[in-house]
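The primary structure of each chain is shown beneath.
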Amino acid sequence: MRIRALILAVAVIVSGGMQMRAQMSGPPPSPPVGTKEDPAKAVDGLLSMMEFQVVGAAKAMPADKYSFAPAQAIFAAGQTTQFDTVRTFVAQVTHLAQANYFFFGWSGIKPDRDLKAIGSITTKDEAVAALEASFVYAHKAIATIKTENAFVAIKPVDGFSTRATIAAFAAAHGNDHYGQMVEYLRMNGIVPPASAK
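Residues numbered from 1 in each chain as written. Predicted model: local features only at pLDDT ≥ 70, side-chain atom pairs only at ≥ 80, totals over all residues. Heavy atoms only, no water.

Visitor: I'd like a rundown of the packing of aromatic side chains, residues and numbers included.
Guide: On inspection of all chains with the given rule, the structure shows eight aromatic pairs. Judged by centre distance (6.3 Å) and plane angle (45°), the ring pair of Phe 89 and Tyr 184 falls under tilted. Of this pair, Phe 89 sits in helix α3 (residues 89-103) while Tyr 184 sits in helix α6 (residues 163-187), placing them 95 residues apart in sequence. For Tyr 184, a relative accessible area of 4% translates into the label buried. Between Phe 104 and Trp 106, the aromatic rings sit 6.3 Å apart at their centres with planes inclined by 55°, giving tilted as the arrangement. (Phe/Tyr/Trp six-rings, centres within 6.5 Å; stacked < 30°, edge-to-face > 60°. Helix = DSSP H or I, 4+ residues; strand = E, 2+ residues; numbered from the N terminus. Buried < 20%, exposed > 50% of the residue type's maximum accessible area, 1.4 Å probe, protein only.)

Visitor: Please provide a residue-by-residue account of the side chain of Ser 134, values included.
Guide: Checked against the element boundaries, Ser 134 lands in helix α5 (residues 124-142). Residue Ser 134 is classed as buried on the basis of its relative accessible area, which comes to 0%. Beyond its immediate sequence surroundings of up to four residues, Ser 134 is in contact with Leu 96, Ala 97, Asn 100 and Tyr 101. (Contact = heavy atoms within 4.5 Å.)

Visitor: Outline the pattern of salt bridges, listing residues and values.
Guide: In this structure the tally under the stated criterion is one salt bridge. Put simply, Lys 59 and Glu 132 hold a salt bridge, and the shortest N to O gap is 3.0 Å. Separated by 73 residues along the polypeptide, Lys 59 in helix α2 (residues 39-60) and Glu 132 in helix α5 bring together distant segments of the chain. (Salt bridge = Lys/Arg side-chain N within 4 Å of Asp/Glu carboxyl O.)

Visitor: Hey, could you go over the nonpolar core for me, with residue numbers and the actual values?
Guide: With 47 residues, the main nonpolar core has Tyr 66, Phe 89, Val 93, Phe 104, Leu 131, Ile 142 and Met 181 as its most contacted residues. Those elements that place two or more of their residues in this core are α2, α3, α5, β1 (153-157) and α6. With ten residues, α5 is the single largest residue contributor to this core. (Core = buried A, V, L, I, M, F, W, Y, C linked by side-chain atoms within 4.5 Å.)

Visitor: Please provide a residue-by-residue account of the packing of α3 against α5, values included.
Guide: It is at 8 Å that the axes of α3 and α5 come closest, and there the two elements cross at 20°. Put simply, α3 runs roughly parallel to α5. Considering how the two elements wind past one another, α3 and α5 form a crossing that is left-handed. Taking contact as the criterion, the partners of Val 90, Val 93, Thr 94, Leu 96, Ala 97, Asn 100 and Tyr 101 in α3 are, on α5, Ala 127, Val 128, Ala 130, Leu 131, Ala 133, Ser 134, Phe 135 and Tyr 137. (Axes fitted to C-alpha atoms, helices over the stretch in contact; angles between N-to-C directions. Parallel < 35°, antiparallel > 145°, perpendicular 65-115°, else oblique. Left-handed = near helix turned anticlockwise from the far one by under 90°.)

Visitor: Lay out the packing of α2 against α6 in plain terms, naming residues and giving numbers.
Guide: At their nearest, the axes of α2 and α6 sit 9 Å apart, and the two run at 25° to each other. It follows from the interaxial angle that α2 and α6 lie roughly parallel. Here α2 runs over α6; the crossing is left-handed. Contacts between α2 and α6 involve Val 43, Leu 46, Leu 47, Met 50, Gln 53, Val 54, Ala 57, Ala 58 and Ala 60 from the first element and Ala 164, Ala 167, Ala 168, Ala 170, Ala 171, Gly 174, Asn 175, Tyr 178, Met 181 and Leu 185 from the second.

Here it is as structure tokens:
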């Protein structure tokens, strides 16, 4: 009888722990409908989702493949698509790092690095470090978005003129490049971490 009770108790604890872990790894619970959300928190969620995917992809590509870019030879014979100006994988990563500083420059927060130098990075470690630092910068900028200033017009960035819309566009822009990074990974036989089960 004691053994059965012990086995049942262990099963309940393990099951509860697995449920808790599954809940913790999923999205946070949504607030009740009609609740006013903090604009910084709402916009930061968009950026965080993109960051998770992009940084995961950047870390998944082996260092020796960072110079990879699609070329004509990869595709079916007779296809006439041009690949001369396609970015390498490292250029995708460094472009996103520079873009984060560009899109969130409205914050007035001084970058802690030479932004032009990011474009000349060629190694995985440096590229990933620059990308991660750019997200730290972006999150700091987003934290300055308040209800009072979220939709107040500021100097436009790529045609968007409020802090909230610029931040949302930054996340959309990052997702565009994430899609390209996914293709590069798959062309090299690598499953993007965000797609792995």
